[in-house]
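# A look at the structure
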Amino acid sequence: MKISTKGRYALRMMMELAMSDQVRPVRIREIAEKQGISDKYLEQIISVLNKAGFVRSLRGPQGGYLLTRKPEEYSVGDILRLTEGSLAPVDCADCSLLECPRVEQCATNILYKKIYDAVNEVVDGVTLADLRDWQIARNGDYSI
């Protein structure tokens, strides 16, 4: 499994919002400058996050974006699935994607399912708050 820039940037953007501690809305331009990411690309990603209810926007001169829930309530898996789709290494590992006619006789499906289960266990077991706390422990702030 390879996480695209869309998934990586979504995590970085959500971490920026988590680091603000809901004290003030964060503007896309601030995140773009701090992260060295195109603000146009971040606008596309924030639109997906907003439509899914992960963030909310505040308009006006002091406007920007805030998380809709506490950082502890977002799993990395939720964010990645929203931006990446399924995290399965192959379609046949995710039963919701495809019912493979060879699944009963294919030993590699067992391997792919184990990979898929392991990935889900990791990303579902890590929250946005965990990432924020790891970053603070590493650098004292969030600057990648």
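Scope of this entry: the structure provided in the associated data block. Because the structure is predicted, anything quoted here is derived from the model rather than measured. (Residues numbered from 1 in each chain as written. Predicted model: local features only at pLDDT ≥ 70, side-chain atom pairs only at ≥ 80, totals over all residues. Heavy atoms only, no water.)

### Re helix α3 (residues 39-51)
With 13 residues, α3 should reach 18 Å at 1.5 Å per residue; the first-to-last C-alpha distance of 18 Å fits that figure. Every buried residue belonging to α3 is among L42, I45, I46 and L49, and all of these are buried. When α3 is viewed along its axis, its buried side chains cluster within an angular range of 100° and face the same direction. Facing away from the buried side of α3 by over 90 degrees, the exposed positions are K40, Q44 and K51. In this structure, the buried side of α3 is in contact with α1 (5-19), α2 (28-35), β1 (55-58), β2 (64-67) and α4 (76-84). Sitting at the amino-terminal end of α3 is S38, which places a side-chain oxygen 3.2 Å from the backbone nitrogen of K40. (Helix = DSSP H or I, 4+ residues; strand = E, 2+ residues; numbered from the N terminus. Expected span 1.5 Å × (residues − 1). Buried < 20%, exposed > 50% of the residue type's maximum accessible area, 1.4 Å probe, protein only. Arc of directions from axis to C-beta. Contact = heavy atoms within 4.5 Å. Polar contact = N/O pair within 3.5 Å; in protein donor to acceptor, adjacent residues only side chain to side chain.)

### Regarding the packing of aromatic side chains
We describe a pair of aromatic rings using the distance from one ring centre to the other and the angle between the two ring planes. Per the stated rule, a full pass over the model turns up two aromatic pairs. Over the face of the ring belonging to F54 we find R69, whose NZ or CZ atom lies 5.2 Å from the ring centre. Its end group placed over the ring of Y74, R69 keeps NZ or CZ at 4.2 Å from the ring centre. (Phe/Tyr/Trp six-rings, centres within 6.5 Å; stacked < 30°, edge-to-face > 60°. Lys NZ or Arg CZ within 6 Å of the ring centre and 35° of its normal.)

### Comments concerning the pairing of β2
With four bridges connecting them, β1 and β2 associate as antiparallel partners. Its bridge partner being in β2, S57 is matched across the sheet by Y65. Where β1 hands over to β2, the hairpin turn is made up of five residues, of which G60 adopts a positive phi near 105°. (Pairing = 2+ DSSP bridges.)

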